[in-house]
Amino acid sequence: MDSNPSSQKLSSEGALLGSPRPVRQSRRLEVVKKILPLNSKSQRPEVRGFKIALQGGPGGAGSHNRGGETEGSDQARTFLGAWTRKRWGESRGVETEARMVASSLKLQDLIQEIRGAKTQAQEREVIQKECAHIRASFRDGDPLHSHRQLAKLLYVHMLGYPAHFGQMECLKLIASPRFTDKRVGYLGAMLLLDERQDAHLLITNSIKNDLSQGIEAVQGLALCTLSAMGSAEMCRDLAPEVEKLLLQPSPYVRKKAVLTAVHMIRKVPELSDIFLPPCAQLLHERHHGILLGTVTLITELCERSPAALQHFRKVVPQLVHTLRTLVMTGCSAEHSVSGVSDPFLQVQILRLLRILGRNHEESSETMNDLLAQVATNTDTSRNAGNAVLFETVLTIMDIRSAAGLRVLAVNILGRFLLNSDRNIRYVALTSLLKLVQSDHSAVQRHRPTVVECLWEPDASLSRRALELSLALVNSSNVRAMTQELQGFLESCPPDLRADCASGILLAAERFAPTKRWHIDTILRVLTTAGTYVRDDAVANLIQLIGGAQELHAYSVHRLYSALAEDISQQPLVQVAAWCIGEYGDLLLEGTCEETEPLQVEKEEVLALLERVLQSQMSLPATRGYALTALMKLSTRLHGDNNRICQVMSIYGSCQNVELQQRAVEYNALFRKYDHLRAAVLEKMPLVERGGPQVDEEAKESKEVAQLSEAAPLPTETQASKLLDLLDLLDGPSENAQHPPPLDPTPGDTLIHLLDLPCAPRPPAPIPNLKVFEREGLELNLSFVRPPGTPTLLLITVTATNTSGGDVTHFICQAAVPKVCRRPGLRGSLDTPGEKATK
Amino acid sequence: MRFMLLFSRQGKLRLQKWYLATSDKERKKMVRELMQVVLARKPKMCSFLEWRDLKVVYKRYASLYFCCAIEGQDNELITLELIHRYVELLDKYFGSVCELDIIFNFEKAYFILDEFLMGGDVQDTSKKSVLKAIEQADLLQEVRVRDKGALNRSFFFFPGVFPFFKTHTHTQSLCC
């Protein structure tokens with residue numbers, strides 16, 4: 001291409017002269033590099049000529065080379081003369097005469113100029129100047145060149161500058177009889193006008209005229225514009241015109257009319273009535289474009305109205321036939337893409353079949369064979385074939401297909417997963433995710449491949465693989481899967497960690513084979529990705545450990561070792577602190593059959609907890625845990641407690657109010673209530689698993705309740721008040737300390753996340769009713785549902801005699817509707833002035 | 001399809017076609033955001049990504065990114081084919097198309113796109129037919145207005161029939 005030796009000399013010179021040039025040079029090359037490395041024989045002469053001129057001149061090296069202009073321009077004048085002066089003059093700040101007089105720079109010259117601007121400010125300047133010219137030209141009217149002006153304006157608009165003053169010009173150009181004007185005018189309309197502008201309605205008339213004109217190219221332009229920016233009003237006005245065009249003999253116009261109808265229906269669904277009738281006939285077309293448009297139109301109609309859906313079910317055989325012809329006998333070469341006959345049409349037909357066959361046995365049955373045929377006959381070596389196959393799979397999964405067909409579909413997806421093309425793997429993972437609920441066992445077969453995909457470097461693929469893997473975990477493969485997922489967790493990118501961690505924990509919750517495995521798993525997750533776990537993981541683990549009595553020794557040993565290694569992962573530290581506090585005696589015993597024996601000294605344990613307390617990395621909540629743990633150890637471990645006392649008194653003046661309060665209370669426990677200390681700090685009972693929040697509150701308030709019980713205050717009221725405030729959950733609890741609650745708990749809302757069964761809430765109590773009051777006789781009804789039998793309602797009728805005299809002949813009869821069964825009446829009789837209850 | 005964008009590796013927009021009515025400001029915001037997301041992708045990653053509530057299919061050809069935003073139920077693989085078909089059309093028209101061609105003849109790129117897609121859907125699956133339509137529209141530009149009668153008589157979209165009335169040398173094509 002660079003056959004001009006002078007230009008070669010220039011470029012080599014250019015390369016020597018300035019440092020930034022090589023960089024710019026490469027950008028130039030990149031811009032010139034062919035988009036498609038195909039040999040193309042046809043080349044429009046003026047375009048070719050222009051390209052050579054562009055690359056051959058110094059502009060080849062210099063025009064896109066911001067730094068080279070000043071040097072290049074001297075040579076430019078010598079070598080190429082005045083032709084380039086117009087361009088290079090600008091860069092030297094010289095206004096050329098040609099420009100001032102004609103004031104109609106050619107479009108490509110303007111583009112050249114703008115690209116030649118070195119800075120944003122310069123570009124803005126050039127554009128502003130040009131816009132001024134354009135505005136003037138619009139005002140004065142320049143019928144010969146107005147299309148050029150508008151084209152320039154559109155370019156400027158694409159760069160992001162305001163171009164609203166061109167809107168009226170668009171309308172003028174559209175109305176012009178010249179094709180060139182119309183072409184640019186319609187383009188301008190599509191780019192500058194949209195429904196929000198008031199001017200757009202003015203086009204309607206022009207479009208109407210153009211549609212009835214009879215020149216196909218013009219009709220095509222009008223239809224195209226209508227489908228790109230037609231608003232609802234425009235569509236309504238022009239629908240009859242478009243309908244007429246559907247019957248035109250020329251296929252060019254018909255195919256465009258059909259697609260315009262699609263747009264109209266999207267905008268104004270009521271127009272379906274107009275466009276529905278011609279569809280059946282259009283389906284018999286041979287022209288692929290019209291057929292494609294019609295299928296799209298029918299798809300749109302069916303998606304919007306169930307009546308249309310019903311109506312079009314009868315075309316299923318026709319569609320099946322068309323598709324079968326395409327697949328089996330093929331079509332002409334011009335429609336084929338890498339060996340697949342018209343994949344666009346195939347995909348569109350498959351999509352329509354999907355919509356028609358959904359939830360409809362009969363149609364689905366008609367399609368079964370065809371789908372199997374398409375699935376087996378499509379060549380999958382290139383993307384086009386895979387696209388058709390993918391659409392087939394989607395259709396099979398959505399309609400009421402035979403079981404064998406579904407298995408075929410899942411197998412195709414499995415094959416996709418092994419494809420080397422990343423795009424296909426992505427598409428397969430996405431589809432399998434949709435299928436995993438309905439065809440779980442079929443998808444399970446591909447589990448190993450899915451797990452392989454976890455290790456993809458591409459983030460979108462690994463995310464999909466993670467979601468799918470988590471969905472595939474079940475009770476039989478939970479151990480292996482968790483192993484894989486934990487391996488992944490260790491090395492996965494940060495944005496996937498939170499999802500992975502919570503996924504593993506959830507899977508462990510649901511499918512843990514043994515408690516020990518469960519504890520191990522949670523421990524491992526906390527160690528690997530502690531900062532990414534959800535807040536309730538701590539509470540869950542604590543509850544789990546607390547409930548597994550046989551594993552206390554094991555847990556405390558493991559947690560101790562984990563804590564000794566690393567005190568930065570907060571959830572882990574919290575759990576470990578709690579465990580050590582509770583089961584510190586087991587830790588010191590040193591014997592545990594499930595892990596290797598660990599000899600731990602009392603001092604080491606205390607030192608570790610103190611380290612946690614003092615560490616910068618510990619959150620206040622963590623410190624709270626550590627403090628309480630230290631306190632508990634004062635009873636669990638033998639020997640003197642001086643060290644612990646010391647810590648408590650230090651923290652008695654801590655800045656953090658929470659810690660200070662605790663420390664003060666613990667201090668009080670040491671000094672004044674030492675005799676109660678053992679009782680207060682004994683092992684915690686198992687907390688009811690009601691909800692994560694509840695556990696936290698329960699633990700803390702248990703301690704508070706215990707402490708206050710020790711204090712010489714009216715304990716009962718205090719404790720009951722506190723316990724009322726607790727909002728503890730329902731159901732029979734293991735401890736007498738918890739009375740059945742009256743209010744629903746806040747923990748309920750979190751329960752669905754954990755997917756746990758929970759005891760039903762007690763219904764709210766019914767208030768007492770005063771039902772009768774006359775002449776001194778009052779009747780009150782009170783209602784109680786005993787907690788064990790929610791279907792039983794005890795109604796107590798209290799009759800009060802407030803008058804002075806006796807009440808005789810008091811008969812109480814109870815009438816209940818048949819829905820209630822009355823177990824029996826029990827009552828006690830009255831004396832005047834007393835209450836009688838039944 | 002919701003919209004199609006063409007932009008260079010430096011983040012310069014070369015073509016934008018919107019099939020859904022959105023305000024100018026909103027468009028600019030979306031373009032900026034999407035360009036950022038797509039340009040941040042490494043070369044070995046797959047061509048699909050999720051952005052807002054749409055699926056985005058993009059492909060890089062030399063220095064240009066071709067980017068389409070499709071809806072949830074659309075087929076991504078066929079959109080890749082669609083993009084490739086458009087590039088092939090451009091290539092046939094310009095002859096070994098490069099980014100420069102699209103920069104300097106942006107209006108022609110739009111015309112070709114409008115012959116290939118309408119409202120986001122494919123109009124014609126035959127490459128030959130689309131190219132012929134464009135060629136004949138270009139020729140139509142060169143016929144003078146006075147021969148409007150000739151325009152009416154030239155039913156050039158029947159296959160193989162070219163206009164008989166190319167009488168004048170005065171060309172009115174855009175790039176001169």
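Everything numeric in this text was worked out from a predicted model, so none of it was measured. (Residues numbered from 1 in each chain as written. Chains lettered and ligands numbered in written order. Predicted model: local features only at pLDDT ≥ 70, side-chain atom pairs only at ≥ 80, totals over all residues. Heavy atoms only, no water.)

### Notes on the overall build of chain A
Part 1 of the reasoning: Helix and strand counts for chain A stand at 43 helices and six strands.
Part 2 of the reasoning: Nonlocal contacts in chain A, meaning residues at least 24 apart in sequence, comprise 64% of its contacts between residues at least 6 apart. (Helix = DSSP H or I, 4+ residues; strand = E, 2+ residues; numbered from the N terminus. Contact = heavy atoms within 4.5 Å.)

### Observations regarding unusual backbone geometry
Across residues other than glycine, the phi torsion is negative in most instances, and most of the peptide bonds are trans.
Part 1 of the reasoning: Of note in the backbone geometry, A:Ser338 takes a positive phi value of approximately 40 degrees without being a glycine.
Part 2 of the reasoning: Mapping A:Ser338 onto the fold places it in the loop between strand 1 (336-337) and strand 2 (340-341).

### What about the packing of helix 37 (residues 620-636) of chain A against helix 39 (residues 657-671) of chain A?
Residues and elements named next belong to chain A.
Part 1 of the reasoning: Where helix 37 meets helix 39, the closest approach of the two axes is 10 Å, and the angle between their N-to-C directions is 10 degrees. With respect to their mutual orientation, helix 37 and helix 39 come out roughly parallel. Taking contact as the criterion, the partners of Pro 620, Arg 623, Gly 624, Leu 627, Thr 628, Met 631 and Ser 634 in helix 37 are, on helix 39, Leu 659, Arg 662, Ala 663, Tyr 666, Leu 669 and Phe 670.
Part 2 of the reasoning: Broken down by class, the residue content of the contact of helix 37 with helix 39 amounts to eight nonpolar, three polar and two charged. (Axes fitted to C-alpha atoms, helices over the stretch in contact; angles between N-to-C directions. Parallel < 35°, antiparallel > 145°, perpendicular 65-115°, else oblique. Nonpolar A, V, L, I, M, F, W, Y, C, P; charged D, E, K, R; others polar.)

### Considering the interface of chain A and chain B
Reports often express the size of an interface as the amount of accessible area lost when the parts come together.
Part 1 of the reasoning: Contact residues are listed per partner, giving 91 residues for chain A and 88 residues for chain B.
Part 2 of the reasoning: A salt bridge links B:Glu50 to A:Arg464; the shortest N-O distance between them is 2.9 Å.
Part 3 of the reasoning: Taken together, the connections running from chain A to chain B amount to 25 residue pairs in polar contact (both at pLDDT 80 or more).
Part 4 of the reasoning: Of all the elements, helix 16 (residues 251-267) of chain A adds the most residues to the side of chain A that touches chain B, at eight residues. (Salt bridge = Lys/Arg side-chain N within 4 Å of Asp/Glu carboxyl O. Polar contact = N/O pair within 3.5 Å; in protein donor to acceptor, adjacent residues only side chain to side chain.)

### A short note on the nonpolar core
Part 1 of the reasoning: Counting residues in hydrophobic clusters, the biggest one holds 268 residues, and the most contacted among them are A:Phe312 and B:Tyr86.
Part 2 of the reasoning: Aside from chain neighbours lying at most four places away, what touches A:Phe312 is A:Leu276, A:Cys279, A:Ile298, A:Leu301, A:Cys302 and A:Leu356. (Core = buried A, V, L, I, M, F, W, Y, C linked by side-chain atoms within 4.5 Å. Buried < 20%, exposed > 50% of the residue type's maximum accessible area, 1.4 Å probe, protein only.)

### Some thoughts on the sheet that holds strand 1 (residues 3-8) of chain B
Residue and element names in this part refer to chain B.
Part 1 of the reasoning: Taken in spatial order, the five strands make up an open sheet running 2-1-5-4-3, and their pairing is antiparallel. Looking at strand neighbours, the two that pair on one side only are strand 2 (13-18) and strand 3 (48-51), the edges of this open sheet. Here the strands of the sheet are splayed against their neighbours by 20 degrees on average, with no regard to which way each runs.
Part 2 of the reasoning: Relative to strand 2, strand 1 runs antiparallel, the two sharing five bridges. Across the sheet, Leu 5 pairs through a bridge with Gln 16, a residue of strand 2.
Part 3 of the reasoning: Strands in contact with helix 4 (residues 106-116) are strand 1 and strand 2; relative to strand 2, the strand with the most contacts, it is inclined by about 30 degrees. (Pairing = 2+ DSSP bridges.)

### Describing the confidence of the model for chain A
Residues and elements named next belong to chain A.
Part 1 of the reasoning: On average, chain A scores 75 in pLDDT, and the residues at 70 or more come to 72%.
Part 2 of the reasoning: Contacts from residues 1-26, a stretch scored under 50 in pLDDT, to residues over four places away or in other chains number 26 contacts.
Part 3 of the reasoning: Residue range residues 691-762 is modelled with pLDDT below 50. Its contacts to residues more than four positions away, or to other chains, number 89 contacts. (pLDDT = per-residue confidence, 0-100.)

### What about the packing of helix 15 (residues 232-245) of chain A against helix 16 of chain A?
Residue and element names in this part refer to chain A.
Part 1 of the reasoning: Where helix 15 meets helix 16, the axes come as close as 10 Å, and the angle between the chain directions of the two elements is 150 degrees. What the angle tells us is that helix 15 and helix 16 run roughly antiparallel. Our pair here, helix 15 against helix 16, has a crossing hand that is left-handed. Two secondary-structure elements touch here, helix 15 through Ala 232, Cys 235, Leu 238, Ala 239, Val 242 and Leu 245 and helix 16 through Val 253, Arg 254, Ala 257, Thr 260, Ala 261, His 263, Met 264 and Lys 267. (Left-handed = near helix turned anticlockwise from the far one by under 90°.)

### Looking at the state of the cysteines
Residue and element names in this part refer to chain A.
Part 1 of the reasoning: For the coordinates displayed, the defined rule picks out zero disulfides over all chains.
Part 2 of the reasoning: No disulfide involves Cys 302; its sulfur sits 8.7 Å from that of Cys 279, the nearest cysteine.
Part 3 of the reasoning: In this structure Cys 302 comes out as buried when scored by relative accessible area, which is 5%.
Part 4 of the reasoning: The structure places no disulfide on Cys 492, whose sulfur is separated from the nearest cysteine sulfur, that of Cys 500, by 5.3 Å. (Disulfide = S-S within 2.5 Å.)

### A look at helix 37 of chain A
Part 1 of the reasoning: Here helix 37 of chain A is 17 residues long and its end C-alpha atoms lie 24 Å apart, about the 24 Å a rise of 1.5 Å per residue gives.
Part 2 of the reasoning: Within helix 37 of chain A, 14 of the 17 residues are buried, which leaves it mostly tucked inside the rest of the structure. (Expected span 1.5 Å × (residues − 1).)

### With respect to the pattern of salt bridges
Any two side chains of opposite charge can pair, given that their charged atoms come close.
All names here are of chain A.
Part 1 of the reasoning: Under the criterion given, the structure shown has 41 salt bridges over all chains.
Part 2 of the reasoning: One salt bridge in this structure joins Glu 456 and Arg 422, with 3.8 Å as the shortest N-O distance. Placement of Glu 456 in the loop between helix 28 (447-453) and helix 29 (459-472) and of Arg 422 in helix 26 (residues 422-435) is noted, with a sequence separation of 34 residues between them.
Part 3 of the reasoning: The class for Glu 456 is buried, based on a relative accessible area of 13%.
Part 4 of the reasoning: Note that Glu 658 and Arg 662 form a salt bridge whose closest N and O atoms lie 2.9 Å from each other. Here Arg 662 and Glu 658 lie together in helix 39, a separation of four residues that amounts to about one turn.
Part 5 of the reasoning: Relative accessible area serves as the criterion here: at 38%, Glu 658 is assigned to the partly exposed category.
Part 6 of the reasoning: Judged by relative accessible area, Arg 662 falls into the buried class, the value being 13%.

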